[in-house]
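A closer look at the structure
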Amino acid sequence: MSAPRPNSGILEISPYVGGKSGEGESGRAAKLSANENALGASPKAVEAYRAAATELHRYPDGGSTALRQAIGRRYNIGPERIVCGAGSDELIGLLTRAYAAGGDEVLYSAHGFLMYRLSALAAGATPVAAPEKRLRADVDALLAHVTSRTRIVYVANPNNPTGSYLSGEELRRLHAGLPEDVLLVIDAAYAEFVEAEDYDSGLALALEHENVVMTRTFSKLHGLAALRVGWAAGSRSAIDVLNRTRGPFNVGHPSQAAAIAAMEDLEHQKRSLAHNREWLAWLARELAALDLTVHPSVGNFLLVEFTRESGRDASAAAAFLEKRGIIPREVGGYGLGHCLRISVGLEEENRRVVEILREFLQ
Ligand SMILES: *Cc1c(COP(=O)(O)O)cnc(C)c1O
């Protein structure tokens, strides 16, 4: 008996498992496992989404024209240098398949976002992880792992799940060290949250060079994870490749409409950033005061390290939190089985996290 067999690499993929959601003992659990916006979506985006309900029988604008114009106005980019996707995940998958195939290598840093490895395997390419230094991407290690087969280098900046980032200078040094025919993809899903002076989302690099693409998302700061909207900016050639390979109607009309409204709602963005600034710092301080190692984060989440002692380790902590209605993210899939990633939640959720972990550690 023989059965259809997928391309090599496919069966090595362990399907991506997103942050859990669910019920605690006392009703609906607080989901702090997916780095969503604690305050939810902009009310204006919700309104635009509702208004789009009258047009559900129509195909969307396949080119996401108005959305690309809104993004272009905001970031001062020509809309022809932008492509929208069904989340930045779609764009990552398209880039990997377009530029890497069997025998090629896709390089990323050891604790980098999981989709890079998964998309490389799906493309039949070989994923290659360069070691990090103290949970930060290491430019020298990345460059040292470039071979004649390397086709793409992915960096999440800032990175999920570590929360660390590369400075603009480090990013430019990484780019300068790459051969011109290697594509550098800068995944800036959390760019909006970063306030560090030396941070750079990579947009200028993406617009200046033939071999750089930057990806962004409406899922995090803008709170539209359910609608699947992301975008990429980059060289004319990379944008052309994405437009050739994406689905003709890859972003639905209600998603486009809500994303435009979200982008224009500066008030909601300001409120969300102020909330994150206050509670990220608070959580980091309070968890460190419990003697947990809290890794510095510039995103909307924290990576928290536990001892490896059974019963007091990260998975025991996760079970303890879940039983009490808080869902953190286990990150064993990132080689960080001794850590949990916890998203910034509402005030009351953040306070509960600290109380529960205090009880856990006693
Ligand atoms: C959440 C996340 C994304 C994916 O975002 P979508 O636009 O929802 O697909 C991409 N990269 C990183 C690093 C993320 O954490």
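The sections below set out a description of the structure shown in this document. This one's a predicted model, so the numbers in the text were calculated from it and none came from an experiment. (Residues numbered from 1 in each chain as written. Predicted model: local features only at pLDDT ≥ 70, side-chain atom pairs only at ≥ 80, totals over all residues. Heavy atoms only, no water.)

Some points on the pattern of salt bridges
- For the structure on display, the rule yields 15 salt bridges.
- A salt bridge links Glu55 to Arg58, with the nearest nitrogen and oxygen atoms 3.8 Å apart.
- Looking at Glu55, the relative accessible area reads 34%, which means it is partly exposed.
- Between Glu359 and Arg324 there is a salt bridge whose closest N-O contact spans 3.8 Å. Note that Glu359 is positioned in helix H12 (residues 347-361) and Arg324 in the loop between helix H11 (314-323) and strand S13 (326-327), a separation of 35 residues in sequence.
- Residue Glu359 is classed as partly exposed on the basis of its relative accessible area of 43%.
- A residue is classified by how much of its surface remains accessible, and Arg324, at 29% relative accessible area, is partly exposed. (Salt bridge = Lys/Arg side-chain N within 4 Å of Asp/Glu carboxyl O. Buried < 20%, exposed > 50% of the residue type's maximum accessible area, 1.4 Å probe, protein only. Helix = DSSP H or I, 4+ residues; strand = E, 2+ residues; numbered from the N terminus.)

A closer look at the pairing of strand S12 (residues 301-305)
- In terms of residue burial, S12 counts as a mostly covered element, since four of its five residues are buried.
- Note that strand S11 (residues 293-295) and S12 share three bridges and pair antiparallel. Bridge pairing links Thr293 to Glu305 in S12.
- In this antiparallel pair of consecutive strands, S11 and S12, the connection spans five residues. (Pairing = 2+ DSSP bridges.)

Some points on the sheet that holds strand S5 (residues 105-109)
- Across the sheet, which stays open at both edges, the seven strands sit in the order S4-S10-S9-S8-S7-S5-S6 with mixed pairing between neighbours. Unpaired on one side and paired on the other, strand S4 (82-85) and strand S6 (126-130) mark the two borders of the sheet. Pairs of neighbouring strands in the sheet enclose a mean axial angle of 20°, with direction left out of account.
- Taken together, the five bridges between S5 and S6 define a ladder with parallel strand orientation. The residue of S6 that forms the bridge with Val106 is Pro127.
- Its contacts with the sheet put helix H2 (residues 65-75) on S4, strand S9 (212-217) and strand S10 (230-234), and the angle it makes with S4 is roughly 125°. (Axes fitted to C-alpha atoms, helices over the stretch in contact; angles between N-to-C directions. Contact = heavy atoms within 4.5 Å.)

Concerning the sheet that holds strand S15 (residues 339-343)
- Read from one edge of the open sheet, four strands run S11-S12-S15-S14, paired in antiparallel fashion. Two strands bound the open sheet, and with one partner strand each, they are S11 and strand S14 (329-330).
- Here five bridges tie S12 to S15, and the two strands are oriented antiparallel to one another. Opposite Phe301, over in S15, you have Ser343 as the bridge partner.
- Along the sheet, helix H10 (residues 266-289) makes contact with S11 and S12, crossing S12 at roughly 10°.
- Where H11 meets the sheet, its contacts fall on S14 and S15, and the angle it forms with S15 comes to roughly 35°.

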